[in-house]
Every structure is written in structure tokens, then in C-alpha cells.
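Summary of the model geometry
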Amino acid sequence: MKFISTRDKNRVVSFKEAVFQGLSPEGGLFVPDSVPDLSQLFAGMTAETPFNEAASALTAAILKDELSPDRAAKICERAFFFKPELVDTGNGIFIEELFHGPSSAFKDFGACFLAASMEEFLQAENRRAIILTATSGDTGSAVAQAFFNKKNIDVVILYPSGRVSPLQEKQLTTLGKNVTAVEVKGNFDDCQRMVKETFVSQDMKYLPLTSANSINLGRLFPQSFYYMYGFNQLKAKYKNIIFCVPSGNFGNLTAGVYAWKWGLPVKEFIAATNLNNEVPLYLESGKYEPHPSFRTYSNAMDVGDPSNFERLKNIFNNDYKEMGRWIKGAWVSNEDTLQAIKDFYAEKKKFIDPHTAVGYVASSRYMAANKPEDTAIITLSTAHPGKFLEVVEQATGARPALPPNLEKLLKLEKKSVVIDNNSATLKEFLKKNY
Ligand SMILES: *Cc1c(COP(=O)(O)O)cnc(C)c1O
């Protein structure tokens, strides 16, 4: 399989090229150029197929022009030392916990696969790369953890001084080795501008700079693995399987839609959002109205113009009715999110985070409205409840424990490089150190 840009179908790249380029030069996103039929491969898997084995098989099938089965297996083995856990919550609603990785959120699946595949490609060619990225807190920590200790790769992460939470700062600044945290005396926009200016700067072309942001195909593709895995767990027990996906930039949902295109017989998808509901509204009316984002309790989904909407439109040839046949939109208010965390805790003695709560509300509403027979809804659980302590405590009156791997970090010492908020200082730092 090759990959093409959503904005220029003549821009054809390999997976490796897509991974190191990130974005296509004219601003489009990379998407598969063809639709393989992998229904036989999916049908051959069972509830007992280990996550890693399923992931390797799908990787080898999709990237067979570029990666031998052995190399695909090696990448997946290195990337996934954690796996999803499926929890039955009753009434046909299951929660697939995707937060057992190093940063306790589902973005670990994408970040760890990207890191492992970059490492594999770089080692094979005896090349180096420097990941340069800016973060407002959360996504950067998944990247930092994923690339930690990877060979042939250095990581430089910019974050705004004093504007990330203490826990997020620990995640960025305590790793060391090949990961350098650059603390910028400014805000997140400064950090982003500095990174952008450095990337286009002629005098930095000698450095092998690359990005690892969320639109990278190497982060999107591996998110299809846990749809296949969740499906495998339930296919012998239920006739219909639906996925409900708490969504912000819609990368998570898009990966599931690819798995379905390739032959995973998912009945339909529920796209669950908070008040940032531009995609659910589009699915109803065909009108897409992006807007500045609203702040909600599920803040990783506060997106007013999702970047992967472009990929979704590409999959469905801009036909909102066709998209709407397979993807049902739902949006959930702040009050209902809080109430769901509270009720879930009261009924099941288990915490859920605000993003998972949005999905859970959407799944419950779907069940109540449609009463489907022989149907399971798998709700993707995107973060550990301990990462959103304040909201969960506000809802339940009880305080969930921090995820163990984050708890450990609190005792470690912070190490950062403090710089002014202009790209000249960043470039100076890079020239001196790399
Ligand atoms: C990023 C994120 C989401 C949204 O995922 P998208 O792929 O952007 O739709 C949901 N929940 C959590 C916890 C996240 O970090």
C-alpha cells in the first residue's frame, strides 16, 4: 500500500516517508491510496489472539510492501508492552480501557508505535532524527515517554513555563537521557511558533528535525489495532458490535473507520463529543461550522475544528449522508458528564474519567433509544480517572488514586532547560547541543 495526500492525489509516499514528513508539503494529510480486503485475516482471529499478535498481523498486511512480518512483529513487540482491557459494565455496554500505557491515556498506542517504527527505520539506515515538538501539557508527555531511550532518536519538547500542571511537568522533565524538556518563558502559542519557525529555517536544514504530532500517519494507523482486539473479544457472543468513541480531533474514530473499511464487520460507530459538537451537527445537516473551542470537563476533546475531519470526508467522498449511515453523532453537556461519573461510581464502585463519561452517556442513550437486539457497544475509555482527579472528585466526592506509573514520577527531580520565547534562542540551543 502507498499513501497519498488528502489535498493532492499525485503526492504518493511510502509509510516511512509519511512517518518522517508528518504533514504533506501542501498541507494535506496522508491517507491510504487503496482499500485492501482483510476480512479473512480478521475472521481468522479469536478472543484468544494476543493483542501484539493481532497488531503485528495487521501491520504486516497493511505495510507488506515495506515491512517483512518479522520487522512488523519487532516493531509491535517494542511498542506494546501494555494492552487494552475490556470491562463488562452491564446492559450490553463494555468499556475498553486504553489507559494502561506509560502516560495513562490512549495516545500511548499511537505514540509508542510511531517511536518504535521510527527507531526501526533509522537503525536500518544508520541515520539519526531529532523530534522537535511543543506541548501544552498532555500530548507531549505521551510523546516523551514513547521516545524515551529509543536508539538513533533525540527528543526536544518545548512547554510553557508555569502553565502546565505539576504532574504534567514531572512527566516531561524527569525522563532525561535522550529527552530534553525546554521550558519557555512564554505561553503555548510562543512554543508552537518557535517550533514552526525553526522547522522552516534555512540554517537549521542540516539537522534531521522531524515532528511527532497527532496527525502523523504513524500515530493514526496503530489506533486501528484496539478496534480489532475489542471486536475479537466479543464477536463470538454478540451478532452486532458498535464502537462508541469520545472524540476531539477525531483521530481515534478515523482509525476505527479504517479498520471497518478493511473488512472488520463493525455495525456502526457513535461519535461522542462534548459541547464542541460541530461533527455531530454536520452528520445531521451536512453543514460544517468550525468555531473557536469551548472549555469543558473533557478538555482533551475541546476542539472546534478537528484536524482529522479532512480524513473522514476523504473516506466518505464528502458525502455526509453516507458518513451518517455509519457514524451516529452524539453530544453530551458538562452537567450530564458530571452526573454520569457520579452515577457510575454509585452503581459500580468504579471511577471513570470525564472523556470516558462522555462516551458512556452516548452509549447508554443509544441503548435506551434503539433497544438493539444481540448488540454490544464497546465504549473506548481514553484516560485513567486518576489523571482528572479534580473533576472526578467533584462528581463523586471521592478521590481516585493516581495511576501507579505517574505516582512514581512525583518523587523524581525536575530537569529542564529554560529559554526566552523566541526562535533565535531555540536555534542557538539546538546548534550547541545536537
Ligand atoms: C486526545 C484525547 C481524546 C480525543 O481523541 P481524538 O483522537 O483527538 O478524537 C479523548 N480523550 C482523551 C483523554 C484524549 O487525550
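The structure this text deals with has already been given above.
In what follows, the accompanying structure is described. (Residues numbered from 1 in each chain as written. Predicted model: local features only at pLDDT ≥ 70, side-chain atom pairs only at ≥ 80, totals over all residues. Heavy atoms only, no water.)

**Some remarks on the overall build of the chain**
- Across its full length, the chain holds 19 helices and 14 strands.
- Over its C-alpha trace the chain gives a radius of gyration of 21 Å, about what one expects of a compact globule, namely 22 Å for 434 residues.
- Principal-axis analysis of the C-alpha atoms gives the chain an extent of 65 × 50 × 45 Å.
- In the chain, which comprises 434 residues, the share counted as buried stands at 58%.
- Long-range pairs, those at least 24 residues apart, make up 75% of the contacts in the chain with a sequence separation of at least 6. (Helix = DSSP H or I, 4+ residues; strand = E, 2+ residues; numbered from the N terminus. Rg over C-alpha atoms; globule rule 2.2 N^0.38 Å. Buried < 20%, exposed > 50% of the residue type's maximum accessible area, 1.4 Å probe, protein only. Contact = heavy atoms within 4.5 Å.)

**A closer look at the pairing of strand E6 (residues 129-134)**
- Extensive coverage of E6 is indicated by the burial of six of its six residues.
- Burial of the side chains of E6 extends over both faces: Ala 129, Ile 131 and Thr 133 are buried on one face and Ile 130, Leu 132 and Ala 134 on the other.
- Judged from the six bridges that link them, E6 and strand E7 (residues 153-160) form a sheet pairing that is parallel. Within E7, the residue paired with Ile 130 across the bridge is Asp 154.
- For the crossover from E6 across helix H6 (residues 138-147) to E7, the handedness is right-handed.
- Of the strand pairs in this sheet, E6 and strand E9 (residues 209-210) are connected by two bridges, and their pairing is parallel. The residue bridging Ile 130 from the neighbouring strand is Leu 209, located in E9. (Pairing = 2+ DSSP bridges. Right-handed = clockwise from strand over helix to strand, strands pointing away.)

**A word on the packing of aromatic side chains**
- Enumeration according to the criterion identifies 32 aromatic pairs in this entry.
- Ring geometry for Phe 51 and Phe 109: centres 5.6 Å apart, planes at 75°, overall edge-to-face. Here Phe 51 is found in helix H3 (residues 51-62), whereas its partner Phe 109 is found in helix H5 (residues 107-125), with 58 residues between them in sequence. Pair check on accessibility: Phe 51 and Phe 109 agree, each one buried.
- Sitting above the plane of the Phe 20 ring, Arg 127 keeps its charged end 5.1 Å from the centroid.
- If you follow Lys 348 out to its NZ or CZ, it ends over the ring of Phe 344, 5.6 Å from the centre. (Phe/Tyr/Trp six-rings, centres within 6.5 Å; stacked < 30°, edge-to-face > 60°. Lys NZ or Arg CZ within 6 Å of the ring centre and 35° of its normal.)

**Considerations on the site of the ligand**
- Lys 107, Gly 248, Asn 249, Phe 250 and Thr 382 are the nearest of the 14 residues found near the ligand.
- Within the backbone of Asn 252, an N or O atom sits 2.9 Å from an oxygen atom of the ligand.
- Taken by itself the ligand offers 380 Å² of open surface, and the protein chains cover 95% of this.
- Residue classes in the shell around the ligand are distributed as six nonpolar, seven polar and one charged. (Near = heavy atom within 4 Å. Polar contact = N/O pair within 3.5 Å; in protein donor to acceptor, adjacent residues only side chain to side chain. Areas by Shrake-Rupley, 256 points an atom, 1.4 Å probe, with all protein chains shown as cover. Nonpolar A, V, L, I, M, F, W, Y, C, P; charged D, E, K, R; others polar.)

**With respect to the nonpolar core**
- Core analysis: the biggest nonpolar cluster contains 91 residues, and Phe 80, Phe 147, Phe 225, Phe 243 and Ile 327 have the highest contact counts within it.
- Among the elements that take part in this core, H5 stands out by supplying 10 residues, more than any other.
- The residues contacting Phe 243, other than those within four sequence positions of it, are Glu 96, Tyr 227, Phe 231, Val 266, Glu 268, Phe 269, Ile 270, Ile 378 and Leu 380.
- Membership of the second largest hydrophobic core comes to 25 residues, among which are Val 332, Met 367, Ile 377 and Ala 395. (Core = buried A, V, L, I, M, F, W, Y, C linked by side-chain atoms within 4.5 Å.)

**Observations regarding the sheet that holds strand E3 (residues 30-32)**
- Strand order in the open sheet made by the three strands is E2-E1-E3, with antiparallel pairing throughout. The open sheet has two edge strands with one neighbour each: strand E2 (8-13) and E3. Each adjacent strand pair in this sheet contributes to an overall mean axis angle of 40°, direction not counted. (Axes fitted to C-alpha atoms, helices over the stretch in contact; angles between N-to-C directions.)

**Topic: the sheet that holds strand E8 (residues 179-185)**
- Read across the open sheet, the five strands follow the order E9-E6-E7-E8-E14; overall the sheet is parallel. With partners counted over all chains shown, the strands left at the sheet margins are E9 and strand E14 (417-420), one partner each.
- In terms of strand pairing, E8 meets E14 through four bridges, oriented parallel. Across the sheet, Glu 183 pairs through a bridge with Val 418, a residue of E14.
- The strands that H5 touches are E6, E7 and E9; relative to E7, the one it contacts most, it runs at about 140°.

**Things to note about the pattern of salt bridges**
- A full pass over the atoms with the stated rule returns 20 salt bridges.
- Among the ionic pairs, Lys 16 bridges to Glu 125, the shortest N-O distance being 2.4 Å. Here Lys 16 is found in helix H1 (residues 15-21), whereas its partner Glu 125 is found in helix H5, with 109 residues between them in sequence.
- The exposure class assigned to Lys 16 is partly exposed, which follows from its relative accessible area of 24%.
- Assessed through its relative accessible area of 35%, Glu 125 is described here as partly exposed. (Salt bridge = Lys/Arg side-chain N within 4 Å of Asp/Glu carboxyl O.)

**Thoughts on the packing of H6 against helix H7 (residues 166-173)**
- Running from N to C, H6 and H7 cross one another at 25°; their axes reach a closest spacing of 8 Å. The orientation of H6 relative to H7 falls into the category roughly parallel. Viewed along their axes, H6 and H7 form a crossing whose handedness is left-handed. Two secondary-structure elements touch here, H6 through Asp 138, Gly 140, Ser 141 and Gln 145 and H7 through Gln 168, Gln 171 and Leu 172.
- Considered class by class, the residues forming the contact of H6 with H7 number one nonpolar, five polar and one charged. (Parallel < 35°, antiparallel > 145°, perpendicular 65-115°, else oblique. Left-handed = near helix turned anticlockwise from the far one by under 90°.)

**Some points on H7**
- The element H7 is extensively covered by neighbouring structure, given that six of its eight residues are classed as buried.
- Taken together, the buried positions of H7 are Leu 167, Gln 168, Glu 169, Gln 171, Leu 172 and Thr 173.
- Buried residues along H7 sit against H6, E7, E8 and helix H18 (404-409).

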